[in-house]
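Here is what each chain is made of, one letter per residue.
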Amino acid sequence: MMKLVFCTVLFFGSINSYAQKPHKIIEYQKNGLQFDLKYEHGDCSYEILINDMPVITYFGIGGRSGQTIDLNPYILQPGKQDITIRMSPSKKEENAFASSLTTNSFVKIELSKNKKPMSMLDQLNAKDKGEQYKWMLLSYQTPALKKNASYAEYKTSFEVEAKDINWKIIGWSESKDLKNDPDIKKEVDAFYEDFKKTLETGDGSKYLSMLKNNIYEEAASVPWDKTAESQIVQNKAEYAVEKRNFIYPCRQTELKFFGNGKVVTLVCTDSLTFGYSPLISKTSKNMMPKVHTFYLHKPKGSDQLEIIR
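This text gives an overview of the structure that appears in the document. (Residues numbered from 1 in each chain as written. Predicted model: local features only at pLDDT ≥ 70, side-chain atom pairs only at ≥ 80, totals over all residues. Heavy atoms only, no water.)

**A word on the overall build of the chain**
Item 1. Tallying secondary structure elements over the chain gives six helices and 17 strands in all.
Item 2. Relative to the globule expectation of 19 Å for 309 residues, the C-alpha radius of gyration of the chain, 21 Å, shows essentially globular dimensions.
Item 3. Considering only C-alpha atoms, the chain reaches an extent of 60 × 55 × 45 Å along its principal axes.
Item 4. Residues counted as buried form 46% of the 309 residues belonging to the chain.
Item 5. Contacts in the chain between residues at least 24 apart in sequence constitute 73% of all its contacts with a sequence separation of at least 6.
Item 6. As displayed, the chain has an accessible area near 16,600 Å², and 51% of this comes from carbon and sulfur atoms. (Helix = DSSP H or I, 4+ residues; strand = E, 2+ residues; numbered from the N terminus. Rg over C-alpha atoms; globule rule 2.2 N^0.38 Å. Buried < 20%, exposed > 50% of the residue type's maximum accessible area, 1.4 Å probe, protein only. Contact = heavy atoms within 4.5 Å. Areas by Shrake-Rupley, 256 points an atom, 1.4 Å probe, with all protein chains shown as cover.)

This is the structure:
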């Protein structure tokens, strides 16, 4: 009983601490557009980047997959949005990758925009009236390889009209260039260690503080949902206080830069967890491993690393 009470107090304290910290106010609006990316793959590992920021990273075992991800937090301004698809050999066993891509390797993506908020009833009524509420923006599949290769990269793009963006987020657009920072590896390693300790000790308040900008921009990119920020905070606060064990210790890591050099992350180069964050944990509630992936930047006017995505 005492343990349950303690967790409850910590949970509410974390939310209150987050709420008390000054942050920008989200400009809520009645309607908006949701940009979605649907993706699937076969016989490859891959990364999908929007405007040089990774939205999907896959270095696991398995064939085709089909899921959808929200792109709004990665669209910082209207106009051309660049897409990069990077393909490498698939993982065949827990500790081994294939020697090359094959003629069967592919990644397929579909991009669409949808009116939000719309219930299923709203959509049915719109269909009956002949009103459009969903638009396909792009359908693209990587071309078939004519021969085996160790790596392949493809680029495409889509356009976003100014009238379709009713959110305002800065993201990494004004951040400092990190590639030539001589101390960046040391600083990133320290940040990851601090992040790990924060979760190990169940410090919900600090955890939310570390994710503050990420939470704000995720919620701000869906300004038609007034509950978005509070729901994200609640979910993360609950997650932060769960007892967890970190598994798959990573012996070798390397930095990867994104956002035209303004964003950095740490990835493992060990074969077991290659390409993923060195921080992987599981909790008593959920035995499925959780990969703690985040991307760091130094905002304009600051020398401190912060989580931006």
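**Quick look at the pattern of salt bridges**
A side chain with one charge may pair with a side chain of the opposite charge, provided their charged atoms come close.
Item 1. Counting across every chain of the model gives 16 salt bridges.
Item 2. For Lys80, the salt bridge is made with Asp82, and the minimal N-O distance between the two is 3.7 Å.
Item 3. Given a relative accessible area of 53%, Lys80 falls into the exposed group.
Item 4. Each member of the salt-bridge network shares a partner with another, and the members are Lys113, Glu161, Lys163 and Asp164. (Salt bridge = Lys/Arg side-chain N within 4 Å of Asp/Glu carboxyl O.)

**Points about the state of the cysteines**
Item 1. Per the counting criterion, the structure on display carries one disulfide.
Item 2. With a sulfur-sulfur separation of 2.1 Å, Cys250 is cross-linked through a disulfide to Cys268. Given an S-S torsion of about 105 degrees, the disulfide between Cys250 and Cys268 has right-handed geometry. Pair noted here: Cys250 is in the loop between strand E11 (244-247) and strand E12 (253-258) and Cys268 is in strand E13 (residues 263-268), with a separation of 18 residues, a long-range link.
Item 3. The exposure class of Cys268 is buried, given its relative accessible area of 1%. (Disulfide = S-S within 2.5 Å.)

**Here's the deal with the side chain of Lys91**
Item 1. Examined against the element boundaries, Lys91 turns out to sit in strand E6 (residues 91-93).
Item 2. The side chain of Lys91 is buried and forms no salt bridge, while Glu94, the nearest opposite charge, is found at 7.5 Å.
Item 3. A distance of 3.2 Å separates a polar atom in the side chain of Lys91 from the backbone oxygen of Glu94.
Item 4. Of note is the side chain of Lys91, whose polar atom sits 2.7 Å from the backbone oxygen of Leu272.
Item 5. When neighbours within four sequence positions are excluded, Lys91 is seen to be in contact with Ser45, Phe59, Gly60, Ile61, Ala96, Phe97, Ser271, Leu272 and Thr273. (Lys, Arg positive; Asp, Glu negative; His and termini not counted. Polar contact = N/O pair within 3.5 Å; in protein donor to acceptor, adjacent residues only side chain to side chain.)

**Notes on the nonpolar core**
Item 1. By size, the foremost hydrophobic cluster in this structure holds 71 residues, and its most contacted members are Ile48 and Ile109.
Item 2. Those residues in contact with Ile109, other than ones at most four positions away along the chain, are Leu37, Lys38, Tyr39, Ile48, Ile83, Ile85, Leu138, Ser139, Tyr140 and Thr156. (Core = buried A, V, L, I, M, F, W, Y, C linked by side-chain atoms within 4.5 Å.)

**As for the sheet that holds strand E2 (residues 45-50)**
Paired through their backbone hydrogen bonds, the strands of a sheet run either parallel or antiparallel.
Item 1. With antiparallel pairing, four strands are arranged side by side in an open sheet as E3-E2-E5-E10. Each of the sheet's edge strands pairs with one partner strand only, and the pair in question is strand E3 (53-58) and strand E10 (152-160). Taken pair by pair, the neighbouring strands of this sheet meet at an average axis angle of 15 degrees, ignoring direction.
Item 2. Looking at chain direction, E2 and E3 are connected through five bridges and run antiparallel. Each residue of the ladder has a partner; that of Ile48, found in E3, is Ile56. (Pairing = 2+ DSSP bridges. Axes fitted to C-alpha atoms, helices over the stretch in contact; angles between N-to-C directions.)

**Some details on helix H6 (residues 228-240)**
Item 1. An ideal rise of 1.5 Å per residue puts 18 Å on 13 residues; H6 measures up with 18 Å between its terminal C-alpha atoms.
Item 2. Buried within H6 we find Ala228, Glu229, Ile232, Val233, Ala237, Tyr239 and Ala240. Take H6 and look down its axis: the buried residues cluster within an arc of 160 degrees, on one side only. (Expected span 1.5 Å × (residues − 1). Arc of directions from axis to C-beta.)

**Brief notes about the sheet that holds strand E9 (residues 134-141)**
Item 1. Sheet architecture is open: four strands sit in the order E4-E1-E8-E9, paired in antiparallel fashion. Two strands lie at the open edges of the sheet, namely strand E4 (67-70) and E9, each paired on one side alone. The mean angle between the axes of side-by-side strands here comes to 20 degrees, regardless of whether they run parallel or antiparallel.
Item 2. Relative to strand E8 (residues 106-116), strand E1 (residues 32-42) runs antiparallel, the two sharing 11 bridges.

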